[in-house]
Every structure is written in C-alpha cells, then in structure tokens.
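# A closer look at the structure
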Amino acid sequence: MPKWPKPAEGSWTEHYPELGTGPISFRDSTSPEFYELEREAVFKRAWLNVGRVEELPRVGSYLTKEIDAAKTSVIVVKGRDQKIRAFYNVCRHRGNKLVWNDFPNDEVRGACRQFTCKYHGWRYDLEGALTFVQQPGEFFDLDAEQYGLSPVHCDIWNGFIFINLDPEPRQSLRDFLGPMITALDDYPFEMMTERYDFVAHNNSNWKIFADAFQEYYHVPSLHSQQVPTAVRQPNASFECGHFQIDGPHRLVSTAGTRRWLLDPEYMYPVERATRSGLVGPWRTPETHQSAGLNPGGIEPWGITNFQIFPNLEILIYHGWYLLYRYWPTSHNTHKFEAYNAFHPARTVRERIEHEVASVVLKEFALQDAGMLGGTQAALEYDVVDDFPLSDQEILVRHLHKTAVDWVEEYKAQRRPVGV
Ligand code: FES
Ligand SMILES: [Fe+2]
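Residues numbered from 1 in each chain as written. Chains lettered and ligands numbered in written order. Predicted model: local features only at pLDDT ≥ 70, side-chain atom pairs only at ≥ 80, totals over all residues. Heavy atoms only, no water.

This part takes up the pairing of strand β2 (residues 61–67). Summarising burial for β2: seven of the seven residues are buried, a large majority. Judged by which residues are buried, β2 turns out to be covered on both faces: S61, L63, K65 and I67 on one side and Y62, T64 and E66 on the other are all buried. Pairing between β2 and strand β3 (residues 72–78): six bridges, direction antiparallel. Among the inter-strand pairings, E66 is bridged to a residue of β3, identified as S73. In this structure, the hairpin formed by β2 and β3 is closed by a connection of four residues, where K71 is found at a positive phi of approximately 50°. (Buried < 20%, exposed > 50% of the residue type's maximum accessible area, 1.4 Å probe, protein only. Helix = DSSP H or I, 4+ residues; strand = E, 2+ residues; numbered from the N terminus. Pairing = 2+ DSSP bridges.)

Structure below.
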C-alpha cells in the first residue's frame, strides 16, 4: 500500500480535485424524491454488509436481515457444505414471508435443518431447494426444481458477509472494496469475538449520522467534557493525521490518543479506576497490525476509521474495533447498528474493561446522536443550500458527492436514448 502523506502544498481536499472546495448542498439528505432514487441506485446495487461469519457458526445457522431501503428481507444461512448463501425471504408458493417468529418485520436468527413455511407447509433445504410440497398431486405439472428460494448474491471478505441485491452486480465484492479496504485482508477480525451490540432508531437521514463519525472537527465543541483542556481552547487545532479516498470508500487516521488518558481532568473516575474508557481498554492483547491499518504512516498511530460505501464503518483501535451500519428507513430516519468487538476477556478485570469501554463509547455516540434531530429539522427548512466545509470535513464532502454521483449515474442509465 503506498503511503500517501498530507501533500506538501495545498490541502487534503485540493488533493482530490473532483471534490471541489465550494459549499455543498444537503438536499440529498432532505428530499423524499432523492431517497427513492437512492434506494434503487445505491441500496439495490452496492454490496451491503449484513453480518460476520462468527454469527453463523454451524450448518443450519441462519439470520434474517430486514433491508427497508430495498423494501426486502433476506435470509443468510450456512449450508451443509459450510458455504454461506443468501435468499430472498419469500415462500415460492404464495409469497408468505418464510422465516420470522412473532412479528414478521422483526429480524430473527437461529439454527435449523430446513425452512418450513407457516402457511401451507412447503419446505426448503439449507441450500434453498424446495424439498416438500403438501399434496403435490393437486398441482398442475409442478416442477419442484423450478421453485427453489430466489437467491441473492452473497460473498465474504475477511469474515464480513456481504450481499448484493442487483441481479447482476457490476463488480465482484473484492473489486468493489478496492485496494484501500482489501489492504486489511490480513487483519485478524476473527480474534475479536466478544461483542457488545447496540441498535438505535434515529431521526435523521442516514448520511447525516455517518457525517458525525467522519470528521473530528466537532470534537472540541460537542464532546467538550471528554477532550483535554488544550484542545478546548479557542482556535486550538484538532487535526486528523491522514485522510484517504479510494473510489466510493474513505478513511481517516488519528494519532495515538491513548496519551490523553494521562490527563485526569477530563476522565470519569470509573475510567481511572478501571483503566478503560473512551478509546477502549488502556492495554489490549497484542494484535497483528495489518499494513493497511495505517496507510498514512501516522506515529504514534491511534485509530483508523474505514468508511465502506454506502453504510458500513469499521473503526480499528489498538487490539479492538467498533463497527457501525446505517440502514435508512425513510428520507429522514434510519436504524443505526453498532457493536464493539474485543479479544475474549481472560480475566474479570478484562471483562470490566470491555464493559466500561462500551458504556463510555455509547455515551459519546449519544452526544452525536443528540444533534441529529436538530440538524435534520433545520436542513428541512430548506432556506440554506450552500454549506461551507473545512478541509477537516473532506470525507463529508466525499460521502454526499458519492451518493449523488451514484444516483446521477443510475438516472442516466434509465433515461431512454435521445432524451
Ligand atoms: S405461502 Fe408458503 S406454503 Fe403457501
Ligand atoms: Fe462525535
């Protein structure tokens, strides 16, 4: 992976001339019409992460994923051949939703030998084939081979399960992820299996929340209780060490923030007592450091935040990581999924460190989420449409441009020739 330090002249943003430096519009985050296009252009065409392989540990393990933006539900299941496959969650007889428990719109997970439809009892095996029909003689030349579950493209990168709802994806998963993300091929995510999961239903467009995690310009102001005094001074700078863009994806690295922990002023007593907190446990098991983790060569390295288009974010710290997914539920609401993943605790102390890190991080994220309703509401007043972005907000600029570019490309493809 080539190192790509801050250019000697100019700014991060000017390093990517296609981004421009002018004010940007946020209409892509307030317009119901744009959202309808985004569903088709983005969520039905991009590779979407729906889980990790550890969530499907054995033959017959399955989970369902409700993808509101694509108006669909998908079953992800491990077959008898250990291969993970995805199918639309639709019975081929009369269209009943195949896998659900108490409420049809709730996601479920479990393990089974086959899927049985609740309505008329048709059964499907773990590879999606139709294996049982009640009273088959009543049908008219029913060829069971033609009525297996409808497949969804499914592929795995470094243990992350992705699906693609496009009948013919334009790129393989690997090509889609590109060199900046696949430089993490050897990062051992599979070692960090102690997870703390969170879900929140937020009142903003999905991109508006993603924006809160792709710039640190807001940190001294919004998170003032949790940054050192020096950073809170007027005009004190809080600059990220490295920004990088590769196709639709982005990353930002920051320097070794663990040093801040030595400043007792902004720390909660529980953080001092447990030696854990905002940036995780102060000490973590030695974890192999992939070359792709720090492409800017930041020393001391602290965190790299990988933003995988459209809605996945992986923040890697020393020896643990955080994952976010933003699932739109309308033009101005979304479901936010997050988890922290640690090496499994070996002692009670380590378990407590993980719990404290999870709780403190959740508070931090709530501070960000607390802004969302206000931002979304004011954007929807629709009185301002030229918002200036600083160099530290380059990734905000890139996310919105990418979403608009995908929609424009989709519209151009749909338009009949000559119009
Ligand atoms: S709808 Fe599933 S068996 Fe009839
Ligand atoms: Fe924040």
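From this point, the discussion proceeds with the structure in view.
Another point: the coordination of the iron ion (ligand 2). Taken together, the protein donors to the iron ion (ligand 2) comprise H218 (NE2), H223 (NE2), D368 (OD) and D368 (OD), at separations of 2.0 to 2.5 Å. Of note, the iron ion (ligand 2) draws all its donor residues from one chain, in the sequence arrangement H-x4-H-x144-D. Within this pair, whereas H218 is found in the loop between α3 (206–212) and α4 (219–222), its partner D368 is found in helix α7 (residues 348–370), the two being separated by 150 residues in sequence. As far as burial versus exposure is concerned, H218 and D368 are alike and both buried. (Donors = N, O, S within 2.8 Å, 3.2 Å for Na, K, Ca; no water.)

What follows deals with the pattern of salt bridges. Within this structure, the stated rule accounts for 26 salt bridges. Between R27 and D385 there is a salt bridge, with its nearest N and O atoms 2.9 Å apart. In this pair, R27 is assigned in the segment before α1 (32–43) and D385 in the loop between α8 (372–381) and α9 (394–414), connecting sequence segments 358 residues apart. When its relative accessible area of 39% is taken as the criterion, R27 is described as partly exposed. What makes D385 partly exposed here is its relative accessible area of 29%. Between R325 and E337 there is a salt bridge whose closest N-O contact spans 2.9 Å. Of this pair, R325 sits in strand β16 (residues 320–330) while E337 sits in strand β17 (residues 333–342), placing them twelve residues apart in sequence. Residue classification places E337 among the buried positions, given a relative accessible area of 8%. Put simply, K65, E107, R325, K335 and E337 are held in one network by salt bridges that share partners. (Salt bridge = Lys/Arg side-chain N within 4 Å of Asp/Glu carboxyl O.)

We now examine the pairing of strand β14 (residues 301–308). Across the eight residues that make up β14, a large majority, eight, are buried. Sheet topology note: the strand β13 (residues 249–255)/β14 ladder contains six bridges and is antiparallel. Of the residues in β14, the one forming a bridge with T254 is I303. Pairing of β14 with strand β15 (residues 312–317), which is carried by five bridges, proceeds in the antiparallel orientation. Paired with F306 across the bridge in β15 is I314. Counting the residues in the hairpin turn of β14 and β15 gives three residues.

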